[in-house]
Amino acid sequence: MPQPWSKPLEVDRLSRGAAALDFDVELTQLPRLSSRAEVIGGSVHGTVRFARKSGRAVADVTLEGAARLTCQRCMQPMTLPLSAHVQVALLSSADEASTLEDAFEPVLAPEGRISVAELIEEEVLLSLPIVPMHVEDGQCPSSGAQSATGDAPADAVTQRPFARLGELLNQK
Ligand SMILES: [Zn+2]
(Lines give C-alpha, C1' and ligand atoms only; values in the text may rest on other atoms or scores of the structure.)
Protein backbone atom coordinates (compact mmCIF):
# COMPACT_ATOMS: atom_id res chain seq x y z
CA MET A 1 0.00 0.00 0.00
CA PRO A 2 1.48 3.37 -0.99
CA GLN A 3 2.53 5.70 1.79
CA PRO A 4 0.56 8.99 1.96
CA TRP A 5 3.72 11.00 1.29
CA SER A 6 4.37 9.09 -1.95
CA LYS A 7 1.02 9.96 -3.55
CA PRO A 8 0.90 12.68 -6.22
CA LEU A 9 -1.07 15.60 -4.82
CA GLU A 10 -3.28 18.02 -6.70
CA VAL A 11 -1.39 21.24 -6.17
CA ASP A 12 -4.15 23.57 -7.30
CA ARG A 13 -6.82 22.10 -5.06
CA LEU A 14 -4.54 21.97 -2.01
CA SER A 15 -3.32 25.53 -2.47
CA ARG A 16 -6.87 26.85 -2.81
CA GLY A 17 -7.80 25.02 0.37
CA ALA A 18 -4.63 26.21 2.18
CA ALA A 19 -3.98 22.60 3.13
CA ALA A 20 -1.27 21.64 5.60
CA LEU A 21 0.18 18.15 5.42
CA ASP A 22 2.42 16.62 8.07
CA PHE A 23 4.94 14.01 7.05
CA ASP A 24 7.37 11.62 8.70
CA VAL A 25 9.49 9.78 6.17
CA GLU A 26 12.33 7.26 6.40
CA LEU A 27 15.14 8.52 4.17
CA THR A 28 15.83 5.11 2.69
CA GLN A 29 12.25 5.03 1.38
CA LEU A 30 12.88 8.05 -0.84
CA PRO A 31 14.01 6.74 -4.25
CA ARG A 32 16.76 9.23 -4.98
CA LEU A 33 18.17 8.97 -1.46
CA SER A 34 18.13 5.20 -1.36
CA SER A 35 20.27 5.22 -4.50
CA ARG A 36 23.10 6.86 -2.55
CA ALA A 37 25.04 4.05 -0.91
CA GLU A 38 26.27 6.18 2.00
CA VAL A 39 22.70 6.87 3.17
CA ILE A 40 21.98 4.07 5.64
CA GLY A 41 19.05 5.44 7.61
CA GLY A 42 17.48 8.33 9.40
CA SER A 43 14.22 10.15 8.89
CA VAL A 44 12.74 13.60 8.50
CA HIS A 45 9.45 14.98 9.73
CA GLY A 46 7.80 18.29 9.11
CA THR A 47 4.94 20.08 7.42
CA VAL A 48 4.06 21.24 3.91
CA ARG A 49 1.70 24.23 3.94
CA PHE A 50 0.10 25.07 0.62
CA ALA A 51 -1.10 28.56 -0.24
CA ARG A 52 -1.76 30.94 -3.13
CA LYS A 53 0.55 33.82 -3.90
CA SER A 54 -0.01 36.15 -6.86
CA GLY A 55 -2.32 33.59 -8.40
CA ARG A 56 0.27 30.86 -8.15
CA ALA A 57 0.41 27.73 -6.01
CA VAL A 58 3.16 27.94 -3.41
CA ALA A 59 4.23 25.75 -0.52
CA ASP A 60 6.05 26.43 2.71
CA VAL A 61 8.13 23.38 3.61
CA THR A 62 9.73 22.83 7.00
CA LEU A 63 11.60 19.68 7.86
CA GLU A 64 13.73 18.39 10.71
CA GLY A 65 15.42 15.13 11.37
CA ALA A 66 18.70 13.38 10.89
CA ALA A 67 20.43 11.28 8.29
CA ARG A 68 22.47 8.21 9.17
CA LEU A 69 25.42 8.13 6.82
CA THR A 70 28.53 6.06 6.35
CA CYS A 71 31.61 8.17 7.03
CA GLN A 72 33.77 7.91 3.92
CA ARG A 73 36.98 8.11 5.98
CA CYS A 74 36.46 5.49 8.68
CA MET A 75 33.40 3.71 7.17
CA GLN A 76 31.62 3.92 10.54
CA PRO A 77 28.08 5.29 10.84
CA MET A 78 27.61 8.97 11.58
CA THR A 79 24.61 11.21 12.15
CA LEU A 80 23.97 14.41 10.23
CA PRO A 81 21.25 16.67 11.68
CA LEU A 82 18.86 17.99 9.06
CA SER A 83 16.86 21.17 9.42
CA ALA A 84 15.40 23.23 6.63
CA HIS A 85 12.73 25.76 5.80
CA VAL A 86 12.05 26.66 2.20
CA GLN A 87 9.30 28.37 0.26
CA VAL A 88 8.67 26.88 -3.13
CA ALA A 89 6.58 27.93 -6.09
CA LEU A 90 4.94 24.97 -7.78
CA LEU A 91 5.25 25.37 -11.53
CA SER A 92 3.57 23.30 -14.17
CA SER A 93 6.31 24.18 -16.67
CA ALA A 94 9.84 25.55 -16.51
CA ASP A 95 8.75 28.59 -18.55
CA GLU A 96 7.05 30.00 -15.49
CA ALA A 97 10.31 30.23 -13.53
CA SER A 98 11.31 33.54 -15.16
CA THR A 99 8.40 35.37 -13.51
CA LEU A 100 9.14 34.15 -9.99
CA GLU A 101 9.78 36.32 -7.00
CA ASP A 102 13.21 35.71 -5.48
CA ALA A 103 11.79 34.42 -2.21
CA PHE A 104 10.49 31.29 -3.87
CA GLU A 105 12.44 28.36 -5.19
CA PRO A 106 10.98 26.91 -8.38
CA VAL A 107 9.80 23.33 -8.23
CA LEU A 108 8.23 21.56 -11.15
CA ALA A 109 4.85 19.94 -10.53
CA PRO A 110 4.11 18.38 -13.91
CA GLU A 111 0.38 18.47 -14.72
CA GLY A 112 -0.17 20.21 -11.40
CA ARG A 113 0.85 17.23 -9.35
CA ILE A 114 3.66 16.57 -6.91
CA SER A 115 4.15 14.28 -3.92
CA VAL A 116 5.44 15.22 -0.51
CA ALA A 117 8.32 12.83 -1.19
CA GLU A 118 9.34 14.80 -4.28
CA LEU A 119 9.09 18.07 -2.38
CA ILE A 120 11.40 17.01 0.43
CA GLU A 121 13.75 14.71 -1.46
CA GLU A 122 15.53 17.52 -3.29
CA GLU A 123 15.86 19.46 -0.06
CA VAL A 124 17.45 16.55 1.78
CA LEU A 125 19.76 15.70 -1.12
CA LEU A 126 21.10 19.23 -1.18
CA SER A 127 21.70 19.08 2.57
CA LEU A 128 23.96 16.04 2.29
CA PRO A 129 27.70 16.56 1.90
CA ILE A 130 29.17 15.16 -1.30
CA VAL A 131 31.59 13.09 0.80
CA PRO A 132 30.13 12.55 4.27
CA MET A 133 32.73 12.43 7.03
CA HIS A 134 32.88 12.82 10.79
CA VAL A 135 33.78 16.35 11.85
CA GLU A 136 36.87 17.56 10.13
CA ASP A 137 39.21 17.73 13.13
CA GLY A 138 39.76 14.01 12.98
CA GLN A 139 36.99 12.69 15.21
CA CYS A 140 36.49 9.40 13.46
CA PRO A 141 36.10 6.67 16.06
CA SER A 142 39.35 4.79 16.51
CA SER A 143 39.36 1.57 14.58
CA GLY A 144 37.35 -1.12 16.30
CA ALA A 145 35.28 1.33 18.33
CA GLN A 146 31.60 0.57 18.08
CA SER A 147 30.15 3.67 19.72
CA ALA A 148 30.23 5.83 16.58
CA THR A 149 28.42 8.73 18.17
CA GLY A 150 30.28 11.48 16.36
CA ASP A 151 27.97 14.00 14.79
CA ALA A 152 28.72 16.29 11.89
CA PRO A 153 28.39 19.99 12.65
CA ALA A 154 24.98 21.46 12.03
CA ASP A 155 26.44 24.21 9.88
CA ALA A 156 27.33 21.59 7.29
CA VAL A 157 23.69 21.85 6.23
CA THR A 158 23.48 23.74 2.99
CA GLN A 159 21.54 26.95 2.81
CA ARG A 160 20.80 26.60 -0.89
CA PRO A 161 17.69 24.47 -1.18
CA PHE A 162 16.67 23.44 -4.66
CA ALA A 163 19.80 25.01 -6.12
CA ARG A 164 20.23 22.15 -8.52
CA LEU A 165 16.76 22.47 -9.96
CA GLY A 166 17.25 26.23 -10.19
CA GLU A 167 20.32 25.65 -12.34
CA LEU A 168 18.39 23.30 -14.58
CA LEU A 169 15.66 25.83 -15.07
CA ASN A 170 18.18 28.53 -15.90
CA GLN A 171 19.77 26.48 -18.65
CA LYS A 172 17.08 27.16 -21.18
ZN1 LIG B 1 34.65 8.78 10.33
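## Regarding the environment of V48
Phase 1: Residue placement: V48 occurs in strand β3 (residues 39-53).
Phase 2: V48 sits in the buried class, given a relative accessible area of 0%.
Phase 3: Not counting the four nearest positions on each side in its chain, V48 is found in contact with A19, A20, L21, F23, A59, D60, V61, V116 and L119.

## Brief notes about the side chain of D60
Phase 1: When you line up the elements, D60 lands in strand β4 (residues 56-70).
Phase 2: Buried charge without a salt bridge: D60, with R49 as the nearest opposite-charge side chain at an N-O distance of 4.6 Å.
Phase 3: A polar atom in the side chain of D60 sits 2.9 Å from the side chain of H85.
Phase 4: Other than its neighbours up to four places away in sequence, D60 contacts T47, V48, R49, H85, V86 and Q87.

## Side note on the coordination of the zinc ion
Geometry reference: four tetrahedral donors at a metal, ideal angle 109.5 degrees. Six octahedral donors, ideal angles 90 or 180 degrees.
Phase 1: Looking at the metal site, the zinc ion is ligated by C71 (SG), C74 (SG), H134 (ND1) and C140 (SG), spaced 2.0 to 2.3 Å from it.
Phase 2: Seen from the zinc ion, its four donor atoms lie at angles of 102 to 118°, and the figure they make is tetrahedral.
Phase 3: Sequence positions of the donors to the zinc ion reduce to the motif C-x2-C-x59-H-x5-C. Within this pair, whereas C71 is found in the loop between β4 and β5 (77-91), its partner C140 is found in the loop between α3 (116-127) and α4 (163-170), the two being separated by 69 residues in sequence.
Phase 4: A relative accessible area of 19% means that C140 is categorised as buried.

## Topic: the sheet that holds β3
Phase 1: Pairing in this open sheet of five strands is mixed, and the strands run β2-β3-β4-β5-β6 from one edge to the other. The two strands at the open ends of the sheet, each matched to only one other strand, are β2 (20-26) and β6 (105-108). Strand-to-strand, the axes of this sheet are offset by a mean angle of 30°, without reference to chain direction.
Phase 2: Bridge count between β2 and β3: seven bridges; the pairing is antiparallel. Along β3, the bridge assignment pairs F23 with G46.
Phase 3: The strands that α3 touches are β2, β3, β4, β5 and β6; relative to β5, the one it contacts most, it runs at about 130°.

## Here we look at α3
Since the α-helix packs 3.6 residues into each turn, any two residues three or four apart lie on the same face.
Phase 1: The terminal C-alpha atoms of α3 lie 17 Å apart, and with 12 residues this matches the ideal 16 Å at 1.5 Å per residue to within 8%.
Phase 2: Within α3, 11 of the 12 residues are buried, leaving the element largely enclosed by the surrounding structure.
Phase 3: For α3, every residue scored as buried is listed here: V116, A117, L119, I120, E121, E122, E123, V124, L125, L126 and S127.

## Structural notes on the pattern of salt bridges
Phase 1: Taken as a whole and judged by the stated rule, the model has six salt bridges.
Phase 2: Across the pair E122 and R32 runs a salt bridge, and its minimum N-O distance is 3.1 Å. Remark: R32 occurs in helix α2 (residues 31-34) and E122 occurs in helix α3; sequence separation between them is 90 residues.
Phase 3: For R32, a relative accessible area of 36% gives the class partly exposed.

What counts as what
- Residues numbered from 1 in each chain as written.
- Predicted model: local features only at pLDDT ≥ 70, side-chain atom pairs only at ≥ 80, totals over all residues.
- Heavy atoms only, no water.
- Helix = DSSP H or I, 4+ residues; strand = E, 2+ residues; numbered from the N terminus.
- Buried < 20%, exposed > 50% of the residue type's maximum accessible area, 1.4 Å probe, protein only.
- Contact = heavy atoms within 4.5 Å.
- Lys, Arg positive; Asp, Glu negative; His and termini not counted.
- Salt bridge = Lys/Arg side-chain N within 4 Å of Asp/Glu carboxyl O.
- Polar contact = N/O pair within 3.5 Å; in protein donor to acceptor, adjacent residues only side chain to side chain.
- Donors = N, O, S within 2.8 Å, 3.2 Å for Na, K, Ca; no water.
- Tetrahedral: all angles 85-135°; square planar, octahedral: opposite > 155°, others 65-115°.
- Pairing = 2+ DSSP bridges.
- Axes fitted to C-alpha atoms, helices over the stretch in contact; angles between N-to-C directions.
- Expected span 1.5 Å × (residues − 1).

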